[in-house]
Amino acid sequence: MSENINRRAALKVLSVLPLAGVVDAVEAQQPAQPPRTPHATPNQPAGQTAPPAASVPKRKFFTAREWRTVGVLADDIIPRDDRSGSATDAGVPAYMDHHMSVQETSDESRVAMRGGLRWLDTETRRRFNVAYHQASEAQRHQILDDIAGPAAQAPPALRPGAAFFNTFRNMVASGFFSSAIGWKDLQYQGNVFNPNWQGCPKPALDKLGVSYDLMTTRVAPQGTPTR
């Protein structure tokens, strides 16, 4: 995988995305700048020691602005309720950041993600003169109501946003329901030891022609004539 987005691949995607996506495609080629931290001194007091780097999530793909939008949008899709935590509680933004950074993700997908986030910010500014993450819940939901359906059924001006939102929503759902919070929300009972397991029922064993007593020997199924 090339470090920079392939120009040909970018043009393919940008042909169906608003022009604002071009700006983010350029940003994607710029390496993320790590936050500046003060130099540690040999006799720095323990109380002033900076927290370990491992405790601070490191983004691999999203810019700081995109990260804010991703978090707010993800929680608009799966908010916290009395049943479970929100998408950000489940670590969905970090999951998406990792997914977008791995080699298996295509350059087209990366450009579409950046372009879609920029489209959302641009549309929010057009309507309410603020960025998406700064808009009120009612304002954000007004936009989402317009792009939440199938892209083909959206007004032409909103189809790029609807296509982006459908993909983004699928990623949020995948990240959430593959997390520990999502498993509990689904009341998923797999991967848990069952002390009451009695083995495969005998009718099923007979139908398959196998037996626990003869694990390595195939026996004739019921009703099969013997010679």
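Shown above is the structure to which this text applies.
Quick caveat, the model's predicted, so the values are computed rather than measured. (Residues numbered from 1 in each chain as written. Predicted model: local features only at pLDDT ≥ 70, side-chain atom pairs only at ≥ 80, totals over all residues. Heavy atoms only, no water.)

**What about helix α7 (residues 159-177)?**
Taking 1.5 Å of rise per residue, the 19 residues of α7 would be expected to cover 27 Å, and the 27 Å separating its terminal C-alpha atoms lies within 8% of that figure. Listed as buried for α7 are G161, A162, F164, F165, F168, M171, V172, G175 and F176. Of the surrounding secondary structure, the elements contacted by the buried residues of α7 are α3 (64-77), α4 (92-101), α5 (107-128), α6 (137-147) and α8 (180-186). (Helix = DSSP H or I, 4+ residues; strand = E, 2+ residues; numbered from the N terminus. Expected span 1.5 Å × (residues − 1). Buried < 20%, exposed > 50% of the residue type's maximum accessible area, 1.4 Å probe, protein only. Contact = heavy atoms within 4.5 Å.)

**Describing the pattern of salt bridges**
Under the counting rule described, the total for this entry stands at nine salt bridges. The partner of D185 in a salt bridge is R83, and the shortest N-O contact between them spans 3.1 Å. Placement of D185 in helix α8 and of R83 in the loop between α3 and α4 is noted, with a sequence separation of 102 residues between them. We note a salt bridge from D146 to R127, for which the minimum N-O separation is 3.0 Å. (Salt bridge = Lys/Arg side-chain N within 4 Å of Asp/Glu carboxyl O.)

**A few points about the packing of aromatic side chains**
Applying the stated criterion to the full structure yields four aromatic pairs. Their ring planes at 50° and their centres at 6.5 Å tell us that F62 and W67 sit as a pair that is tilted. Using a relative accessible area of 3% as the deciding quantity, one classes F62 as buried. Ring centres of F164 and F168 lie 5.5 Å apart, and the angle between their planes is 50°; on these two criteria the pair is classed as tilted. Of the two residues, F164 and F168 are both situated in helix α7; the distance of four residues between them amounts to about one turn of the helix. Each member of the pair, F164 together with F168, is buried. Pairwise contacts between aromatic rings join F61, F62 and W67 into one cluster. (Phe/Tyr/Trp six-rings, centres within 6.5 Å; stacked < 30°, edge-to-face > 60°.)

**So, α3**
With 14 residues, α3 extends 20 Å from end C-alpha to end C-alpha; this agrees with the ideal 20 Å at 1.5 Å per step. When α3 is considered as a whole, its buried residues turn out to be E66, T69, V70, G71, L73, A74 and D76.

**Description of the nonpolar core**
Soluble globular proteins: nonpolar side chains tend toward being buried together. In this structure, F62, L73, M96, M113, I147, F168 and V172 are the most contacted members of the largest nonpolar core, which totals 28 residues. Looking at this core, the elements that each hand over two or more residues are α3, α4, α5, α6 and α7. For this core, the element with the highest residue contribution is α7, accounting for seven residues. Setting aside residues no more than four positions away along its own chain, M96 makes contact with F62, V70, M113, F168, M171 and V172. (Core = buried A, V, L, I, M, F, W, Y, C linked by side-chain atoms within 4.5 Å.)

**Topic: unusual backbone geometry**
Where the residue is not glycine, phi is negative for most of them; where a peptide bond is considered, it is trans in most cases. Even without a glycine there, the phi angle at N129 is positive, about 65°. Mapping N129 onto the fold places it in the loop between α5 and α6. Residue classification places N129 among the exposed positions, given a relative accessible area of 66%.

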